[in-house]
Amino acid sequence: AQSVTQLDSHVSVSEGTPVLLRCNYSSSYSPSLFWYVQHPNKGLQLLLKYTSAATLVKGINGFEAEFKKSETSFHLTKPSAHMSDAAEYFCVVSDKAAGNKLTFGGGTRVLVKP
Amino acid sequence: GAVVSQHPSWVICKSGTSVKIECRSLDFQATTMFWYRQFPKQSLMLMATSNEGSKATYEQGVEKDKFLINHASLTLSTLTVTSAHPEDSSFYICSAREPLSGSTDTQYFGPGTRLTVL
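Residues numbered from 1 in each chain as written. Chains lettered and ligands numbered in written order. Predicted model: local features only at pLDDT ≥ 70, side-chain atom pairs only at ≥ 80, totals over all residues. Heavy atoms only, no water.

J.: Can you walk me through the state of the cysteines in this structure?
T.: The bond known as a disulfide is covalent and runs between the sulfur atoms of two cysteines. All told, the structure shown has two disulfides over all chains when counted by the stated rule. Note on cysteine connectivity: A:C23 is disulfide-linked to A:C91, with sulfurs 2.0 Å apart. Between A:C23 and A:C91 the disulfide shows an S-S torsion of about -65°. By sign, it is left-handed. Highlighted residues: A:C23 in strand 4 (residues 23–26) and A:C91 in strand 10 (residues 87–94), separated in sequence by 68 residues. Each of the two residues, A:C23 as well as A:C91, counts as buried. Put simply, B:C23 and B:C94 are joined by a disulfide, and their sulfur atoms are 2.0 Å apart. Classification of the bridge connecting B:C23 and B:C94 rests on its S-S torsion, roughly 80°, and on that basis the disulfide is right-handed. Remark: B:C94 occurs in strand 9 (residues 90–97) and B:C23 occurs in strand 3 (residues 19–25); sequence separation between them is 71 residues. Residues B:C23 and B:C94 agree in their burial class; the two are buried. In this structure B:C13 is a free cysteine whose sulfur lies 18 Å from that of B:C94, the closest cysteine sulfur available. (Disulfide = S-S within 2.5 Å. Helix = DSSP H or I, 4+ residues; strand = E, 2+ residues; numbered from the N terminus. Buried < 20%, exposed > 50% of the residue type's maximum accessible area, 1.4 Å probe, protein only.)

Listed below in structure tokens is the structure:
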């Protein structure tokens, strides 16, 4: 069975400083991994995805994530936080053994201080 | 990226009534759509997988007679909450899988529907 653990339920950063959101996964097959962002009362927007190509994945809005199979991690980073980055972030795993169903992490709420 | 819409964005109804929520893929055809439920400050929980032209597949613990799903076309899936009660109040989000080569497992999400049952 696949699972996702987001290690921090809340992250608080100052504007202009780096952001790190941690994610570990468990999967029985070669997984696809995603990061989605959700602003209050909105749907989910895809930030980036890993699908067995380059292990360093660049996404929208300056975010990137690195797939590390040995550590079963897929941490999300951004060099400089912006006020508009305040939102909920979800790490998501999908693998063929689970019929490509998505399994969501618990989410990390990001607060950006001015 | 692919666009998915939902209607309505919010709805308030009386206990015992039924509510229908629509999910549309606007610029692509989706043979598979998904319905999720999200409680406040929690993650998304998959309710069911909606397949065009066939019966939906429900996750364990989801009442199929209460949450009716119809995927009548390649761009439209509907979720009907029948005989709604206050405990059905939640944020319902749909997604659609974009069937492009190399992206068969990427889901695009609608903006969600906030259901409040009085």
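From this point, the narrative continues.
J.: What's the story with the interface of chain A and chain B in this structure? I'm lost.
T.: The figure often quoted for interface size is the accessible area lost as the parts come together. Every contact between the two is made by 20 residues of chain A and, on the other side, 20 residues of chain B. Along the contact surface separating chain A from chain B lie one salt bridge. B:E59 is the salt-bridge partner of A:K101, the closest N and O atoms lying 2.7 Å from each other. Counting the contacts that link chain A with chain B gives five residue pairs in polar contact (both at pLDDT 80 or more). A total of four residues in the side of chain A that touches chain B trace back to one element, the largest contributor, which is strand 5 (residues 32–38) of chain A. Partitioning the side of chain A that touches chain B into residue classes produces seven nonpolar, ten polar and three charged. (Contact = heavy atoms within 4.5 Å. Salt bridge = Lys/Arg side-chain N within 4 Å of Asp/Glu carboxyl O. Polar contact = N/O pair within 3.5 Å; in protein donor to acceptor, adjacent residues only side chain to side chain. Nonpolar A, V, L, I, M, F, W, Y, C, P; charged D, E, K, R; others polar.)

Interpretation note: all reported values are geometric properties and have no functional meaning in isolation.
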